[in-house]
Amino acid sequence: ERLSKLVRTLLDMSELQTVSRNDRIELHSLIEEVLTDLEPLAQEKKVELIQKSQGAGAKADEELFLTGSDILIYRMLYNLVENAIKYNRENGSVTVSAIRKKNEVVLTVSDTGNGIDEAFREQIFEPFFRVDKSRSRELGGVVREVVRVHDGTIEVYTNKHSGTTFEVKMGIGADFEKAV
């Protein structure tokens, strides 16, 4: 079973380059879908899932689009949120937001867990690295590769709740510059 998972992960990572990245993705809907899909796990772990709106100055119902691979962006976000739930504390929370800053989208996933030691923050993005044996081997490599093939960046830092925040920045794409 372990070998099978390893092979699947390696195949997934090798195929990332060949996946079409021309989908028009509405991020707030995608976040809502990921949170809905992970709600049973969150309830089991007694973790509240929160979707933050656009932020100050933006209309609450304003759509936010990104050009990319719908399936890969979903997978990246799913992995980040799933791990934020798994390694959170009971009665904690996971907050997910997407905002537009100039010509890029900033996706954040913040949790109220124990955080990740600064010494491991770069290593967590290496394929198959785990801070501890109970953590998923897939998170780092796949998430970083999805961000990379979308010409984005990902950073991790401690947030005000002493938990972890992952911040992903990606260009919106020329086709979806503010056409409204």
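Everything below is about the structure printed above this text.
Residues numbered from 1 in each chain as written. Predicted model: local features only at pLDDT ≥ 70, side-chain atom pairs only at ≥ 80, totals over all residues. Heavy atoms only, no water.

Draft legend 1. Quick peek at a negative patch on the surface. Together, Asp23, Glu33, Asp37 and Asp70 give the surface a local cluster of negative charge. Look at Asp70 and you get partly exposed, because its relative accessible area is 35%. (Patch = residues over 30% accessible without salt bridge, like charges linked within 9 Å, V, L, I, M, F, W, Y side chains within 5 Å. Areas by Shrake-Rupley, 256 points an atom, 1.4 Å probe, with all protein chains shown as cover. Salt bridge = Lys/Arg side-chain N within 4 Å of Asp/Glu carboxyl O. Lys, Arg positive; Asp, Glu negative; His and termini not counted. Charge placed at Lys NZ, Arg CZ, Asp CG, Glu CD. Buried < 20%, exposed > 50% of the residue type's maximum accessible area, 1.4 Å probe, protein only.)

Draft legend 2. Structural view of the sheet that holds strand β6 (residues 153-158). The mixed open sheet is built from five strands, whose spatial order is β2-β4-β5-β7-β6. Of all strands in the sheet, those bounded by a partner on one side alone are β2 (48-51) and β6. The mean angle between the axes of side-by-side strands here comes to 15 degrees, regardless of whether they run parallel or antiparallel. As paired strands, β6 and strand β7 (residues 164-171) are joined by six bridges and run antiparallel to one another. Opposite Thr158, over in β7, you have Thr164 as the bridge partner. Its contacts with the sheet place helix α2 (residues 27-45) against β2, β4 (93-101) and β5 (104-111), and it is angled at close to 175 degrees to β2. On the sheet, helix α3 (residues 70-86) packs against β2, β4, β5 and β7 and is oriented at approximately 25 degrees with respect to β5. (Pairing = 2+ DSSP bridges. Helix = DSSP H or I, 4+ residues; strand = E, 2+ residues; numbered from the N terminus. Axes fitted to C-alpha atoms, helices over the stretch in contact; angles between N-to-C directions. Contact = heavy atoms within 4.5 Å.)

Draft legend 3. Spotlight on the pattern of salt bridges. Here the structure, examined in full by the defined rule, presents three salt bridges. Among the ionic pairs, Lys86 bridges to Glu82, the shortest N-O distance being 3.8 Å. One end of the pair is Lys86 and the other is Glu82, both in helix α3 and four residues apart, which spans about a single turn. Take Lys86: its relative accessible area is 32%, and that puts it in the partly exposed class.

Draft legend 4. Focus on the environment of Thr153. Structurally, Thr153 is set in strand β6. Exposure remark for Thr153: the relative accessible area of 42% places this residue in the partly exposed category. Along the chain, Thr153 and Gly171 lie 18 residues apart, while their C-alpha atoms are 9.8 Å from each other.

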